[in-house]
Amino acid sequence: MPGPDEKSFAIPRLMVWEAWRQVKANKGAPGVDEQDLGQFEADLRDNLYMIWNRMSSGSYFPPPVRAVQIPKPHGGGVRMLGVPTIADRVAQTVVAMFLEPLVEPRFHPDSYGYRPGRSAHDALTICRQRCWKYDWVIDLDVQKFFDEVPWDLMVRAVQAVTDASWVLLYVKRWLAAPLKHPDGSLEQRSRGTPQGSAVSPVLANLFMHYAFDAWMAREFPGCPFERYADDGVVHCKSRNQAEVVLGRIALRMNEVGLRLHPDKTRIVYCKDGQRRAEHEHVSFTFLGFAFRARGARGKGRNFTGFLPAISPEALKAKNARLRELRIHRRTDLSLDDLARWLNPIIAGWIRYYGRFYRTALDPLLKRVNTYLRRWAGRKYKRLRTHKRFSRWWAGLLQRQPGLFAHWSIVRSYG
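Keep in mind that this is a model prediction, so the values were computed, not measured.

Student: Account for a positive patch on the surface, with residues named and values stated.
Tutor: Positive charge collects at one region of the surface, where Arg326, Arg329, Arg374, Arg378, Lys381 and Arg384 lie side by side. Structurally, Arg329 can be placed in the loop between helix 11 (312-325) and helix 12 (335-353). In this structure Arg329 comes out as partly exposed when scored by relative accessible area, which is 44%.

Have a look at this one:
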């Protein structure tokens with residue numbers, strides 16, 4: 001047994017401080033204790049010491065995780081998000097920081113989610129290139145991954161990369177932490193890892209590395225894939241190969257306690273100008289982008305390519321978000337205030353969805369201008385006539401062409 005001044009586990013104090021810096025940079029909402037970042041920081045030294053002391057002695061027990069329903073990205077329904085307390089996020093980040101250098105060298109190069117130096121755009125770029133080389137795609141949808149991933153296999157995946165007993169101890173405790181719902185009820189879980197916790201991304205990637213990535217590389221080295229967390233695409237040379245591979249993947253997911261979504265998982269033909277055969281599915285959605293045959297121009301000629309652009313679902317979700325902002329009613333704001341408020345939102349849309357086939361984003365950006373026109377008409381009565389508004393708009397574009405983030409792309413309001 002360790003003496004009174006010794007600790008069961010050797011966890012550097014500096015690691016806890018660095019974990020706090022990451023948690024603070026990531027911001028985020030309070031957990032079940034309702035303590036926000038400012039309140040935590042007001043007594044920072046004691047709070048961090050308490051986390052280090054308890055983690056080092058083996059006496060750290062995570063509180064329940066606050067359950068919040070959020071819309072899925074790209075307009076795909078809702079999912080349950082787990083919001084840990086600030087202190088728990090720091091503790092989880094300590095473990096995530098410990099695991100990252102151990103797991104990164106092992107991970108497959110086509111695993112893109114929640115990894116340093118990799119992004120959704122990287123996955124989309126490689127996917128687009130491979131769709132030109134391979135005629136068929138398996139569009140994979142793992143059903144309720146974060147709700148159903150088995151704990152025993154998750155722990156085994158962690159054991160495969162470290163024998164640090166404190167890491168295994170706290171991973172098991174975090175997996176078992178109950179969800180606290182808005183009505184105050186506690187939900188005890190027996191599987192799954194809540195999305196939103198700081199340690200979930202590395203655990204999810206570690207699980208899927210053994211469950212899918214390494215297995216695919218071993219069993220089907222001729223079928224490249226891109227995986228982003230639980231979202232994946234597999235490329236095949238023929239319909240027959242795609243059917244065989246999909247059948248094997250379905251069996252593999254069952255072996256590791258997961259299921260493929262029966263309606264959302266499908267085999268897709270990458271039809272473009274060179275591939276003209278008719279098939280049931282000729283498009284798929286990956287990371288908010290719809291891949292399908294689209295008109296394009298390159299090297300001075302028009303052609304049809306199999307290309308990604310913002311998906312209809314994502315476009316619908318962003319339009320709904322635009323409606324929620326109720327821009328036209330914010331007559332309490334000046335034009336500059338309006339720009340400061342909207343620009344980070346609009347720039348984020350352009351940065352993400354404008355990377356590929358940017359013109360597909362134009363209808364959304366034009367709607368922003370339509371709302372700006374309605375705002376101007378409400379705030380200034382003299383601008384309610386089309387002629388006066390047009391003159392004002394033209395003058396504004398001339399004087400401040402970069403006032404709004406999207407004006408370099410879309411300047412019309414009709």
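Student: So what's going on with the sheet that holds strand 8 (residues 266-269)? Residues and values would help.
Tutor: Across the sheet, four strands lie side by side as 6-7-3-8; this open sheet has antiparallel pairing. Among the strands making up the open sheet, the edge pair consists of strand 6 (225-228) and strand 8. Looking at each pair of strands side by side, their axes are set apart by 20° on average, direction ignored. Relative to strand 7 (residues 231-236), strand 6 runs antiparallel, the two being bridged by four bridges. Across the sheet, residue Tyr228 finds its bridge partner in strand 7, namely Asp231. The sheet contacts of helix 9 (residues 200-219) involve strand 3 (136-141), strand 6 and strand 7, and relative to strand 6 the element is tilted by about 170°. Here helix 10 (residues 239-255) sits on the sheet and contacts strand 3, strand 7 and strand 8; the angle it forms with strand 3, its principal contact strand, is near 20°.

Student: Pulling in residues and values, what's your account of unusual backbone geometry?
Tutor: Positive phi is not limited to glycine here, since Leu287 has a value of about 55°. Note on placement: Leu287 falls in the loop between strand 9 (284-286) and strand 10 (289-298). In this structure, Arg326 is a non-glycine residue whose phi angle is positive, near 50°. Take Arg326: it is sitting in the loop between helix 11 and helix 12.

Student: Go over the sheet that holds strand 1 (residues 65-71), please, and point to the residues and values.
Tutor: The sheet built from four strands is open, its strands ordered 2-1-4-5 with mixed pairing. The outermost strands of the open sheet, each flanked by one partner alone, are strand 2 (78-83) and strand 5 (186-187). As defined by bridge partners, strand 1 adjoins strand 2 across six bridges and the pair is classed as antiparallel. Bridging from a neighbouring strand, Pro71 pairs with Val78 of strand 2.

Student: Describe helix 3 (residues 44-57), with residues and values.
Tutor: The end-to-end C-alpha distance of helix 3 is 20 Å, a good match for the 20 Å that 14 residues give at a rise of 1.5 Å each. For helix 3, the complete set of buried residues consists of Leu44, Asn47, Leu48, Ile51, Trp52, Met55 and Ser56. Down the axis of helix 3, the smallest arc covering the buried residues is 155°, so these residues share one side. The secondary structure elements touched by the buried residues of helix 3 are helix 1 (13-26), helix 2 (37-42), helix 4 (86-103) and helix 8 (165-176).

Reading the values: the criteria
- Residues numbered from 1 in each chain as written.
- Predicted model: local features only at pLDDT ≥ 70, side-chain atom pairs only at ≥ 80, totals over all residues.
- Heavy atoms only, no water.
- Patch = residues over 30% accessible without salt bridge, like charges linked within 9 Å, V, L, I, M, F, W, Y side chains within 5 Å.
- Areas by Shrake-Rupley, 256 points an atom, 1.4 Å probe, with all protein chains shown as cover.
- Salt bridge = Lys/Arg side-chain N within 4 Å of Asp/Glu carboxyl O.
- Lys, Arg positive; Asp, Glu negative; His and termini not counted.
- Charge placed at Lys NZ, Arg CZ, Asp CG, Glu CD.
- Helix = DSSP H or I, 4+ residues; strand = E, 2+ residues; numbered from the N terminus.
- Buried < 20%, exposed > 50% of the residue type's maximum accessible area, 1.4 Å probe, protein only.
- Pairing = 2+ DSSP bridges.
- Axes fitted to C-alpha atoms, helices over the stretch in contact; angles between N-to-C directions.
- Contact = heavy atoms within 4.5 Å.
- Expected span 1.5 Å × (residues − 1).
- Arc of directions from axis to C-beta.

In short, geometric facts, not functional conclusions.
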